[in-house]
Amino acid sequence: MEQTAHSAAPQGGEAGDGASGPELAVETRALTKIYGGRDATGRRALDAVDLAVPRGSIFGLLGPNGAGKSTLINILAGLVVKTGGTARIWGHDIDGDTRAARAAIGVVPQELNLDSFFTPREVMEQQAGFYAVPKRERRTMEILEAVGLADKADAYARSLSGGMRRRLLVAKALVHNPPVLVLDEPTAGVDVELRRSLWAYVRRLNENGATILLTTHYLEEAEALCDRIAIIDHGRVIACEPTPDLLKRLDQRTVTVTLASEAPGALTGQLGALAPERAGPHRLVFRFSGRDSGIPAILAALQEAGLAIADLATEETDLEDIFLSLTAGDGEDGGRREARDPMAGTVAVARAGPDP
Ligand SMILES: Nc1ncnc2c1ncn2[C@@H]1O[C@H](COP(=O)(O)OP(=O)(O)OP(=O)(O)O)[C@@H](O)[C@H]1O
Ligand SMILES: [Mg+2]
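Bear in mind that the values here come from a model prediction, so they are computed numbers and not experimental data. (Residues numbered from 1 in each chain as written. Chains lettered and ligands numbered in written order. Predicted model: local features only at pLDDT ≥ 70, side-chain atom pairs only at ≥ 80, totals over all residues.)

This part is about the nonpolar core. Among the nonpolar cores identified, the biggest contains 67 residues, and Leu76, Ile89, Val180, Val182 and Ile212 are the most heavily contacted of them. If we skip the residues at most four places from it in the chain, Val180 touches Ala25, Val26, Ile89, Trp90, Ala104, Ile105, Thr211 and Leu213. (Core = buried A, V, L, I, M, F, W, Y, C linked by C-beta atoms within 7 Å. Buried ≥ 20, exposed ≤ 12 C-beta atoms within 10 Å, placed from the backbone. Contact = placed C-beta atoms within 7 Å.)

Rendered as structure tokens:
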């Protein structure tokens, strides 16, 4: 599925080649969605979301179930009508310039909504017709090959596996050659092997100029694929930063040592220099940043102090910790405060609770 990914990437036309175009592929301002009425009785699925997806990026929208990810995607796709705010796709306002905005985006929906009685070839041709792609410019087989479905081109969709259907949806989204590809939970319910091959394909599309916006609640997926991650919860963006910056905050490790006897009242020498925290009479907690675990230094310090170890446990902060600390128990205005200054806390502070 990788060899031909190149040819399935956006190649020009009004869609642009990805190398040129607006600085922001997608931009939302104060985007708001209230389902079931504009007043307090409605459900506020998006609450004044500002999002800026740079052209050429793989941008991850990460959040728990019900956070508002699909709502946002579906507004961009024209499937859900927003309650307030603005959205631009490839510089085109979705209200003022609807046609151009639609043409610039391909959306792979979360639901596997395929008509079982059509074949992949038919699905592709229908979609091309829908977007008024002239016959000579259609790339049905090229795209099906790129997603590894060439040999299923004439099989009924109902005979495709879940993973194949998902790939067909990706293929369908590429029919009109959009510079922005949006994938809503691209690997939900997909096995590990297919997940990796979908990741590889998404990367290839991106290398060839497509801007990718994807939603996921797999932290691993966002970490592996995205160069920028926004975390959304209860319809609010509570963090948004380049993935390496987020990972830097992960670069922290905790080593908890349980001593065979009580820790001395004053910690001196090497042990004092490491400045562990006390967690009970027998327990010392050491924190390190950087990839170095610090364990050799701890062992040396404990030996110098003549202290025997009963147990030692290490724990790495991962994206899950940050995610939980940012999203857990947000009060009504906690999310707003963090949205304004989402990166204020250190990992230690963030871990201590949602309201540092
Ligand atoms: N058509 C609808 N009518 C009423 N409420 C809706 C509708 N669609 C979504 N919601 C509500 O809006 C909120 C956001 O839902 P959304 O589907 O956008 O979340 P999500 O982040 O995509 O979740 P998931 O990870 O489960 O896909 C949820 O509270 C959901 O119940
Ligand atoms: Mg969703």
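What follows covers the site of ligand 1. With respect to spatial proximity, 14 residues lie near ligand 1, and among them Tyr35, Ala45, Lys69, Ser70 and Thr71 are the closest. Residue assignment for the shell around ligand 1 shows that the elements contributing at least two residues are β2 (43-54) and α1 (69-77). Considering each element in turn, the shell around ligand 1 owes the most residues, three residues, to α1. Among the residues forming the shell around ligand 1, the class breakdown is three nonpolar, nine polar and two charged. (Near = placed C-beta within 6 Å. Helix = DSSP H or I, 4+ residues; strand = E, 2+ residues; numbered from the N terminus. Nonpolar A, V, L, I, M, F, W, Y, C, P; charged D, E, K, R; others polar.)

On to the sheet that holds strand β1 (residues 24-35), then. Strands sit in the order β2-β1-β4-β5 across an open sheet of four strands; the sheet is antiparallel. Looking along the sheet, the strands with just one partner apiece sit at the ends: β2 and β5 (92-93). Here strand β4 (residues 84-89) runs beside β5; their pairing, made up of two bridges, is antiparallel. Note on β5: the bridge partner recorded for Arg88 is Asp93. (Pairing = 2+ DSSP bridges.)

Take the packing of helix α3 (residues 120-130) against helix α5 (residues 162-173) next. Contact geometry of α3 with α5 gives a least axis separation of 9 Å together with a crossing angle of 30°. By the angle between their directions, the pair α3 and α5 is classed as roughly parallel. Pair α3 / α5 crosses with right-handed handedness. In this structure, α3 contributes Pro120, Val123, Met124 and Gln127 to the contact, and α5 contributes Leu168, Ala171 and Lys172. The residue inventory of the contact of α3 with α5, partitioned by class, reads five nonpolar, one polar and one charged. (Axes fitted to C-alpha atoms, helices over the stretch in contact; angles between N-to-C directions. Parallel < 35°, antiparallel > 145°, perpendicular 65-115°, else oblique. Left-handed = near helix turned anticlockwise from the far one by under 90°.)

Taken in spatial order, the four strands make up an open sheet running β12-β13-β11-β14, and their pairing is antiparallel. Every other strand in the sheet has two partners, leaving β12 (277-278) and β14 (309-316) as the edge strands with one partner each. Here β12 pairs with strand β13 (residues 283-289) via two bridges, running antiparallel. Within the sheet, the bridge partner assigned to Glu277 lies in β13 and is Val285. Against the sheet, helix α10 (residues 295-304) touches β11 (252-259), β13 and β14, its axis set at about 25° to β11.

The residue Arg121 is located in helix α3 in this model. Each C-alpha atom of the pair Arg121 and Tyr156 lies 9.5 Å from the other, and the pair is 35 residues apart in sequence. The residues touching Arg121, leaving out its near neighbours within four places in the chain, are Thr140, Ala153 and Asp154.

Our next topic: α10. All of the buried residues along α10 are Ile298, Ala301 and Leu302. When α10 is viewed along its axis, its buried side chains cluster within an angular range of 95° and face the same direction. Projecting away from the buried face of α10 at angles above 90 degrees are the exposed residues Pro296 and Glu304. Remark: Gly306 follows α10 within two positions and exhibits a positive phi of approximately 70°. (Arc of directions from axis to C-beta.)

Turning our attention to the confidence of the model for the protein. The share of residues in the protein with pLDDT of 70 or more is 81%, and the mean pLDDT across the chain is 82. The lowest-confidence element of the protein is helix α13 (residues 347-352), averaging 27 in pLDDT; the highest-confidence one is β4, averaging 98. Here residues 1-16 is modelled with pLDDT under 50, and outside its nearest four sequence neighbours on either side it reaches 48 contacts, counting other chains as well. (pLDDT = per-residue confidence, 0-100.)

It is worth spelling out the pairing of β14 at this point. Little of β14 is tucked away, with zero of its eight residues classed as buried. As paired strands, β11 and β14 are joined by seven bridges and run antiparallel to one another. Directly across from Val255, in β14, lies its bridge partner Thr314.

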